[in-house]
Amino acid sequence: MCRSIKTLRPPALSQEATEDEIRAAALQYVRKVSGFRAPAAHNREVFDRAVDAVAEATADLLDGLEVRGASTSTSVAR
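Nothing here was measured: the structure is a model prediction, and the numbers come from that model.

### Section: the environment of Val30
Here is step 1: Among the secondary structure elements, Val30 is positioned in helix H1 (residues 19–34).
Here is step 2: Sequence spacing of Val30 and Phe47 is 17 residues, and the spatial spacing of their C-alpha atoms is 7.3 Å.
Here is step 3: Discounting chain neighbours no more than four positions away, the residues touching Val30 are Gly35, Phe47, Ala50, Val51 and Val54.

### Digging into the pattern of salt bridges
Here is step 1: According to the stated counting rule, one finds 4 salt bridges in the structure shown.
Here is step 2: A salt bridge links Asp48 to Arg44, with the shortest nitrogen-to-oxygen separation between them at 3.2 Å. Pair noted here: Asp48 and Arg44 are both in helix H2 (residues 44–64), with a separation of 4 residues, about one helical turn.
Here is step 3: Given a relative accessible area of 28%, Asp48 falls into the partly exposed group.
Here is step 4: For Arg44, a relative accessible area of 35% gives the class partly exposed.
Here is step 5: Arg49 serves as the salt-bridge partner of Glu45, at 3.0 Å between the closest nitrogen and oxygen. You can see Glu45 and its partner Arg49 sitting in helix H2, 4 residues apart, about one turn around the helix.
Here is step 6: Residue classification places Arg49 among the partly exposed positions, given a relative accessible area of 48%.

Conventions adopted
Residues numbered from 1 in each chain as written. Predicted model: local features only at pLDDT ≥ 70, side-chain atom pairs only at ≥ 80, totals over all residues. Heavy atoms only, no water. Helix = DSSP H or I, 4+ residues; strand = E, 2+ residues; numbered from the N terminus. Contact = heavy atoms within 4.5 Å. Salt bridge = Lys/Arg side-chain N within 4 Å of Asp/Glu carboxyl O. Buried < 20%, exposed > 50% of the residue type's maximum accessible area, 1.4 Å probe, protein only.

And the structure:
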């Protein structure tokens, strides 16, 4: 697992995850899986699409989670 990806839901995060936080986590995930910190020009489009897809899936996950005992909403600030 990527050590630089942090938990984006309460109680680990005191407030709602921002788009920037979600995108940063998605970028770290795609970097880890692909093995590229920055892809070559011929791989840029597929790399960026993967980051977008992971960010969207992460936002959907966070929007749908029900965290028992959390006093704040787990919705994502968009």
